[in-house]
Amino acid sequence: MNYDLLLQSDHWLSLNYSKTFIRAISMSISDPSAAQTPLLDDTIDGCLDYKGRPVRRSSSGCWISASFIIVVEIAERFAYYGISSNLITYLTGPLGESTATAAAQVNAWNGAASLLPLLGAFIADSFLGRYRTIILASLVYILGLGLLALSATLGSISSSGGQNADDIALSSSLQFQVILFFSSLYLVAFAQGGHKPCVQAFGADQFDTQDPEECKAKSSFFNWWYFGMCAGTLTTLSILNYIQDNLSWVLGFAIPGIVMAVGLVVFLLGTMTYRYSVKGDEESPIVTVGRVFILAVRNQKTSYSAIAAEEEARGILATESSKQFKFLNKALLAPDGSKEQGEVCSIREVEEAKAVIRLAPIWATSLIYAIAFAQSSTFFTKQGATMDRSTAMMGFEIPAASLQSFISLSVVLFIPIYDRIFVPLARALTGKQAGITLLQRIGSGMVISTISLVIAAVVEMRRLKIAEEYGLLDKPNVMVPMSVWWLVPQYALYGLADVFTMVGLQEFFYDQMPNELRSVGLALYLSIFGVGSFLSSFLISAIENLTSGDGRDSWFANNLNRAHLDYFFLLLAVLSAVGLTLYVCCTKYYIYARWGRTF
């Protein structure tokens, strides 16, 4: 344990109780009725209400406030998956792209949508604050969705021109439609970049980590947050994909915009109940952390004996944390030996910088999981489109993209089991507040994801064999007589993996960052899937180039009966196993940062 930080924490708590005591005495003098209230009132230090007044625990935050925030997240996920889940179908259909090109486009867009939160988190934590950033991002989101529906309207007009329409005019109209479509698409990605990290961080901010009960509730918040996300996604995949495939793409893009507008209204209704973190005049926490690295580099010639002397002078005891990344301790001294304010870093600032750098190995080894995760909205969907999707209902076929609903359904079913049964049982056995550590939770999901990829490869081998047996290898438009329900296990296991890894990564990157950088922490979590999507796009393009040519069909041939998605899934399973091994090695050296949480 870092005793120096503990002493600082005790000093901070004593100051808080002193301030609370003085505040209570002042209230009793100014208002005699206040004398009837407990001496220590229930105001929360470091938080204000919507009018800038001290906020009371009893009338703010917790699940009441979190509920409003979860609703806007459900609306945002409904809108996002209303686009992403069926995007490959729109690109290969109305826009006429090849399967490999469309998959690369989907991965590139998902990657941008997952990396832009780094920019949104920086703006929120350094300038606007989370609440204002959420409102601004939601408005841009609604604008992007409206323009997306407009681009689909142009496509409908162009297709209705028929053979009598002027070819040049149709070509020009198609070009404008494509430009407007992708501009709108990336506007949505930009809006999601501001929305995603701030909403979840703002929701978690409604729970006070200094209160044992609220700290425990915050752990459940991340579980139920993901439950709400998947409930919104499940609704999207059950209803919206059918509308897009069978009724109208215009309506399919317009409905998410309407839902997003409703979500924004609900979020604003909760304004009076929220807890807003106090942002002082101090410099950006990102700048503070950056200064630690800069000073450490500038002091690279400083001897470790000088650092040891400085640590001893400050009363820093040797701990695991102080020994790890010891080069950052050089930021405690100025290059010229000066100790003036502003020229050296505090112990806490150095510890915050170490907390950030400790996340790098976990971030890097989670990328393989993100690459595997990207396949559920691309090749899994194309795989299902070739299979028998008929149901007992006369004339009704399950939209291929709707198969992703089994991921959400698996999450919705298992989250309550995990939160209400698994965690209490594990807590009784391990004595840990969350049952198992966050790193153990993340690793468990990686194992399940690897198993899912192996099953996906086996099912694809079976599909290709049936296509060969029925003479369908060169008939890509003919349904393969194999039920689409064969795909359910791989989707369901993906959902189970998400309960462990996705939720675990969210809570991990939130809790392991200092309070001022928690939006950035969640943005770093999202960037795993952004970089993973880009790596998936690169991997697909590389394999496409290596396996095509000389009259051969590539692994991703437009005729999936001649393609080899099974090889690709097996390759991903091997990479996932390697990634899991590296992840386990990294976790052995990880030291948890304790910002008011016990693991």
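- Under an unreviewed UniProt entry, the name given to the protein chain is Major facilitator superfamily (MFS) profile domain-containing protein, and the organism recorded is Gossypium barbadense.
- One UniProt comment on the protein chain, placed under Sequence similarities (unreviewed entry), says "Belongs to the major facilitator superfamily. Proton-dependent oligopeptide transporter (POT/PTR) (TC 2.A.17) family."
- Within the UniProt record for the protein chain, the comment given under Subcellular location (unreviewed entry) is "Membrane".

**Side note on the overall build of the protein chain**
Working step 1: Scanning the protein chain from N- to C-terminus turns up 20 helices and five strands.
Working step 2: Going through the 599 residues of the protein chain one by one, you find that 53% of them count as buried.
Working step 3: Once local pairs closer than 6 in sequence are excluded, the contacts in the protein chain between residues at least 24 apart make up 79%.
Working step 4: When the accessible area of the protein chain is evaluated, it comes to approximately 25900 Å², of which 65% is carbon and sulfur surface.

**Observations regarding the layout of surface pockets**
Working step 1: Its volume calculated, the second largest pocket comes out at about 530 Å³.
Working step 2: The wall of the second largest pocket is formed by 25 residues, among which Lys382, Ala385, Thr386, Arg389 and Ala400 lie closest to the centre.
Working step 3: When contributions to the lining of the second largest pocket are tallied by element, the ones reaching two or more residues are α3 (87-92), α8 (212-246) and α15 (379-385).
Working step 4: Top contributing element to the lining of the second largest pocket by residue count: α15, with three residues.

**Some remarks on empty space enclosed by the protein**
Working step 1: As enumerated under the stated definition, the model contains five cavities of 30 Å³ or more in all.
Working step 2: Of the voids in this model, the largest cavity is the one considered here, and its volume is about 450 Å³.
Working step 3: As for the largest cavity, its lining consists of 27 residues, and the residues nearest its centre are Arg77, Tyr80, Tyr81, Phe373 and Met502.
Working step 4: Counting only elements with at least two residues in the lining of the largest cavity, the list comes to α2 (62-84), α4 (99-115), α7 (167-204), α8, α14 (367-373), α16 (405-430), α18 (488-511) and α19 (518-547).
Working step 5: At five residues, the largest contribution of residues to the lining of the largest cavity is made by α8.
Working step 6: The residue inventory of the lining of the largest cavity, partitioned by class, reads 14 nonpolar, 10 polar and three charged.
Working step 7: Counting the residues that make up the lining of the largest cavity, at least three belong to each of domain 1 (44-159 + 173-281) and domain 3 (355-591).

**Regarding the packing of helix α17 (residues 438-469) against α18**
Working step 1: The N-to-C vectors of α17 and α18 enclose an angle of 155 degrees; their axes lie 8 Å apart at closest approach. Taken together, the axes of α17 and α18 are roughly antiparallel relative to one another. In the crossing of α17 with α18, the sense of the turn from one axis to the other is left-handed.
Working step 2: Here the residues of the contact of α17 with α18 sort into 20 nonpolar, seven polar and two charged.

**Details of the state of the cysteines**
Working step 1: Overall, the coordinates contain zero disulfides when judged by the stated rule.
Working step 2: For the unlinked cysteine cysteine 585, the closest cysteine sulfur is that of cysteine 586, found at 6.9 Å.

**Quick word on the packing of aromatic side chains**
Working step 1: Scanning the model with the defined rule gives 36 aromatic pairs in all.
Working step 2: With 6.4 Å between their ring centres and 55 degrees between their planes, phenylalanine 414 and tyrosine 418 make a pair best called tilted. On the criterion of helical spacing, the pair formed by phenylalanine 414 and tyrosine 418 is a turn pair, its members being four residues apart in helix α16.
Working step 3: For phenylalanine 414, a relative accessible area of 21% gives the class partly exposed.
Working step 4: Given a relative accessible area of 1%, tyrosine 418 falls into the buried group.
Working step 5: Three or more aromatic residues joined by ring pairs form one cluster here, namely Tyr90, Phe181, Phe182, Trp249 and Phe253.

**Focus on the pairing of strand β5 (residues 480-483)**
Working step 1: Residues Val480 and Met482 point to one face of β5 and are all buried, whereas Pro481 and Ser483, pointing to the other face, are not buried.
Working step 2: As paired elements, strand β4 (residues 387-388) and β5 share two bridges and run parallel to each other. Paired with aspartate 388 across the strands is serine 483, a residue of β5.

**Description of the nonpolar core**
Working step 1: Within the largest apolar cluster, 142 residues are counted, with the highest numbers of intra-cluster contacts made by Phe181, Phe267, Phe508, Phe529 and Phe568.
Working step 2: Looking at this core, the element that brings in the most residues is α18, giving 12 residues.
Working step 3: What phenylalanine 508 contacts, discounting residues up to four positions off in sequence, is Leu359, Ile362, Leu438, Leu439, Ile442, Tyr590 and Tyr592.

**Notes on the pattern of salt bridges**
Two side chains of opposite charge can pair, provided their charged atoms sit close to one another.
Working step 1: Taken as a whole and assessed by the stated rule, the structure comprises eight salt bridges.
Working step 2: One salt bridge connects lysine 196 with glutamate 73, and the closest N-O pair in it is separated by 2.5 Å. Here glutamate 73 lies in helix α2 and lysine 196 lies in helix α7, a separation of 123 residues in the sequence. Side by side, lysine 196 and glutamate 73 carry an identical accessibility label, which is buried.

Conventions we followed
Residues numbered from 1 in each chain as written. Predicted model: local features only at pLDDT ≥ 70, side-chain atom pairs only at ≥ 80, totals over all residues. Heavy atoms only, no water. UniProt positions renumbered as here; feature names shortened; annotations may be inferred. Helix = DSSP H or I, 4+ residues; strand = E, 2+ residues; numbered from the N terminus. Buried < 20%, exposed > 50% of the residue type's maximum accessible area, 1.4 Å probe, protein only. Contact = heavy atoms within 4.5 Å. Areas by Shrake-Rupley, 256 points an atom, 1.4 Å probe, with all protein chains shown as cover. 1 Å grid on protein atoms, 1.4 Å probe; cavity = no way out; pocket = protein on both sides within 12 Å on 5 of 7 lines; lining within 4 Å. Points joined across faces, edges and corners; volume = space filled by probe spheres on them. Nonpolar A, V, L, I, M, F, W, Y, C, P; charged D, E, K, R; others polar. Domains from an automatic or database assignment. Axes fitted to C-alpha atoms, helices over the stretch in contact; angles between N-to-C directions. Parallel < 35°, antiparallel > 145°, perpendicular 65-115°, else oblique. Left-handed = near helix turned anticlockwise from the far one by under 90°. Disulfide = S-S within 2.5 Å. Phe/Tyr/Trp six-rings, centres within 6.5 Å; stacked < 30°, edge-to-face > 60°. Pairing = 2+ DSSP bridges. Core = buried A, V, L, I, M, F, W, Y, C linked by side-chain atoms within 4.5 Å. Salt bridge = Lys/Arg side-chain N within 4 Å of Asp/Glu carboxyl O.

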